[in-house]
Amino acid sequence: MAQAPKHLKIGVFLAGTGHHVASWRHPHAQTNGSMNLAYFQQLAKTAERGKLDMLFLADSLSISPDSHPNVLARFEPFTLLTALAAVTSKIGLAATASTTYSEPFHIARQFASLDHLSNGRAAWNVVTSSIESTALNFSGEKHPEHSLRYQRAEEFVEVVKGLWDSWEDDALIRHQESGVFFDPAKLHELQHHGEFFSVRGPLNVARPPQGHPVIIQAGSSEPGQHLAARTAEVIFTAQNNLPDAQAFYQSVKTKVVSYGRSPDEVSIMPGIFPILGDTEEAAEAKFQELQELILPSVGLKILSSYLGGFDLTPYPLDGPLPDIDIPETNAVKSRFELVLNLARREKLTIRQLYQYIAGSRGHHIFVGTPAQLASKMEEWVLQGGCDGFNLMPPLLPEGLDVFVDQVVPLLQQHGLFRTEYEGNTLREHLGLQRPANRYMSQQNVSI
């Protein structure tokens, strides 16, 4: 019998009414979910009851009338996670923040603050921003080129980590009798001067409880993989079948080693979009109910956005994707390739393809029973496809409730998932070491 793996890492990607593009039209949906604090607080409590590793909030800095309803109007992630920190005590809190349209000092300060406010549960999902129109919201006219965004991101992350080390852990003495508030020898200016940034420092926040908040990266393109292998501790990815997931897993872990890191320092967590029912037939009926709520005009626009903006309206919905030479995209390169490969491999019609993409945005769709999902998750981990999963419930709160109440107990019974939190910080949940302060290390070397 195969040896049981380490505990699965499981996060939940919270998205308003759910990840299905038509979830807001479902009769069980909380239609104002993306702007309802009490609703998010209840979701957070449910996830913590299930002993999940983290809550994850995506973000974007540009919308259009065709954007997903959950995206059109939603909370800013830092503000929301601070509110969720107040009603939870263990679960990790991950927020997306762009390296293309932010400054390192701002991001370092925000995540350090969130880490303190949550007692060591913060994580930063590093993104370079894929939406071309974002530049128009930041006094620009042209979105930076893909490879340039990743070059900037690498330097950005290094600057942020340096700022988190501004204060050594015991620098703040706060001795009232002597009047000594801090030890000047333990406060450090970064003095960074690079290609993209010039940052003196120090940061005006004490060193975070985790040392560094956990770094997450979600790019699956070649530059994205290199950035993740060099800097990330968790990788979110879209993989819709086990062979592709295995290839991605091996590719990234090999790159991690090439950067002098242990493969165990990086957890790969593909998105999974579970539709669960007491029977396969009941689950399939739930799925079809959601799929039928997708308006063709909405589905086509979403699919077109993944195909470099190619106009599909002249083509029959129940015919094949046309054999066209779609131009290179400056947006989400990995998702572009995934969609093309899916259409060709499965011989999907345009309608079938937009239903798949509009529902899950390319992530693995699972339709079945809780027991079948637990077995699928175990298979992917045992077969070297991932270290865990980022749940993307199609309909909330129902999808999260079913997972916590019916899937988690099965994973626990099989020894695949914790029955209690082993620690208090997100690093402890993920089995990650607390980073040493770079300045403390230099002092140790010089002694």
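Residues numbered from 1 in each chain as written. Predicted model: local features only at pLDDT ≥ 70, side-chain atom pairs only at ≥ 80, totals over all residues. Heavy atoms only, no water.

### Quick look at the packing of helix 1 (residues 37-49) against helix 3 (residues 77-85)
Turning to step 1, where the next piece is worked out: Look at helix 1 against helix 3: their axes get within 10 Å of each other, and the N-to-C directions meet at 60 degrees. Overall, the two elements helix 1 and helix 3 adopt an arrangement that is oblique. Taken as a pair, helix 1 and helix 3 cross one another with a handedness that is right-handed. On helix 3, the residues that touch Leu37, Phe40, Gln41 and Ala44 of helix 1 are Leu80, Ala83 and Leu84. (Axes fitted to C-alpha atoms, helices over the stretch in contact; angles between N-to-C directions. Helix = DSSP H or I, 4+ residues; strand = E, 2+ residues; numbered from the N terminus. Parallel < 35°, antiparallel > 145°, perpendicular 65-115°, else oblique. Left-handed = near helix turned anticlockwise from the far one by under 90°. Contact = heavy atoms within 4.5 Å.)

### Describing the pairing of strand 3 (residues 92-98)
Turning to step 1, where the next piece is worked out: Within strand 3, seven of the seven residues are buried, leaving the element largely enclosed by the surrounding structure.
Turning to step 2, where the next piece is worked out: Here strand 2 (residues 54-57) runs beside strand 3; their pairing, made up of four bridges, is parallel. Counted as the bridge partner of Met54 is Gly92 from strand 3.
Turning to step 3, where the next piece is worked out: Strand direction decides the pairing type here: strand 3 and strand 4 (residues 122-127), joined by six bridges, are parallel. Its bridge partner being in strand 4, Leu93 is matched across the sheet by Ala122. (Buried < 20%, exposed > 50% of the residue type's maximum accessible area, 1.4 Å probe, protein only. Pairing = 2+ DSSP bridges.)

### Overview of the environment of Ala15
Turning to step 1, where the next piece is worked out: Topologically, Ala15 is positioned in the loop between strand 1 (9-13) and helix 1.
Turning to step 2, where the next piece is worked out: Look at Ala15 and you get buried, because its relative accessible area is 12%.
Turning to step 3, where the next piece is worked out: Beyond its immediate sequence surroundings of up to four residues, Ala15 is in contact with Asn70 and Leu396.

### Notes on the domain arrangement of the protein
It is common to give the size of an interface as the accessible area lost on bringing the parts into contact.
Turning to step 1, where the next piece is worked out: According to the domain assignment, the protein contains domain 1 (9-277 + 369-446) and domain 2 (286-359).
Turning to step 2, where the next piece is worked out: Between the C-alpha centres of domain 1 and domain 2 the distance comes to 28 Å.
Turning to step 3, where the next piece is worked out: Each side of the interface is counted separately: domain 1 has 26 residues, and domain 2 has 23 residues.
Turning to step 4, where the next piece is worked out: The contact between domain 1 and domain 2 buries some 2,100 Å² in all, and 57% of this surface belongs to carbon and sulfur atoms.
Turning to step 5, where the next piece is worked out: At the boundary of domain 1 with domain 2, the tally comes to two salt bridges.
Turning to step 6, where the next piece is worked out: For Asp244, the salt bridge identified is with Arg345, shortest N-O distance 4.0 Å.
Turning to step 7, where the next piece is worked out: Joining domain 1 to domain 2, the criterion identifies six residue pairs in polar contact (both at pLDDT 80 or more).
Turning to step 8, where the next piece is worked out: When contributions to the side of domain 1 that touches domain 2 are tallied by element, the ones reaching two or more residues are helix 5 (146-164) and strand 11 (267-276).
Turning to step 9, where the next piece is worked out: Tallied by class, residues from the side of domain 1 that touches domain 2 come to eight nonpolar, 11 polar and seven charged. (Domains from an automatic or database assignment. Buried area = accessible area lost by both parts, 1.4 Å probe. Salt bridge = Lys/Arg side-chain N within 4 Å of Asp/Glu carboxyl O. Polar contact = N/O pair within 3.5 Å; in protein donor to acceptor, adjacent residues only side chain to side chain. Nonpolar A, V, L, I, M, F, W, Y, C, P; charged D, E, K, R; others polar.)

### Focus: the pattern of salt bridges
Turning to step 1, where the next piece is worked out: What the rule picks out here adds up to 19 salt bridges.
Turning to step 2, where the next piece is worked out: Two residues, Arg49 and Asp405, come together in a salt bridge whose shortest N-O distance is 2.8 Å. Highlighted residues: Arg49 in helix 1 and Asp405 in helix 13 (residues 398-413), separated in sequence by 356 residues.
Turning to step 3, where the next piece is worked out: As a salt-bridge pair, Asp59 and Arg74 come within 3.9 Å of each other at their nearest N and O atoms. In this pair, Asp59 is assigned in the loop between strand 2 and helix 2 (69-72) and Arg74 in the loop between helix 2 and helix 3, connecting sequence segments 15 residues apart.
Turning to step 4, where the next piece is worked out: By relative accessible area, which is 26% here, Asp59 ends up partly exposed.
Turning to step 5, where the next piece is worked out: For Arg74, a relative accessible area of 28% gives the class partly exposed.
Turning to step 6, where the next piece is worked out: If you follow the salt bridges from partner to partner, you end up with Asp165, Asp169, Arg207, Arg434 and Arg438 in one network.

### Points about the packing of aromatic side chains
Turning to step 1, where the next piece is worked out: This model, assessed by the stated rule, comprises 14 aromatic pairs.
Turning to step 2, where the next piece is worked out: Consider the rings of Phe56 and Phe236, whose centres lie 4.7 Å apart with planes at 65 degrees: the pair is edge-to-face. Taken together, the positions of Phe56 in strand 2 and Phe236 in strand 10 (residues 234-237) put the pair 180 residues apart, joining distant regions of the chain.
Turning to step 3, where the next piece is worked out: Here Phe236 falls in the buried class, since its relative accessible area comes to 6%.
Turning to step 4, where the next piece is worked out: Aromatic ring contacts, followed pair by pair, group Phe78, Phe111, Trp124, Phe156, Trp164, Phe196 and Phe197 into a single cluster. (Phe/Tyr/Trp six-rings, centres within 6.5 Å; stacked < 30°, edge-to-face > 60°.)

### Section: the UniProt feature "binding site: FMN" (unreviewed entry) in the protein
Turning to step 1, where the next piece is worked out: In the UniProt entry, the feature "binding site: FMN" (unreviewed entry) is given for Asp59, Thr96, His146, Tyr150, Ser220 and Ser221.
Turning to step 2, where the next piece is worked out: Once residues within four sequence positions are removed from consideration, Asp59 is found in contact with Arg74, Pro77 and Thr96.
Turning to step 3, where the next piece is worked out: Its location among the elements puts Ser220 in the loop between strand 9 (214-217) and helix 6 (222-231). (UniProt positions renumbered as here; feature names shortened; annotations may be inferred.)

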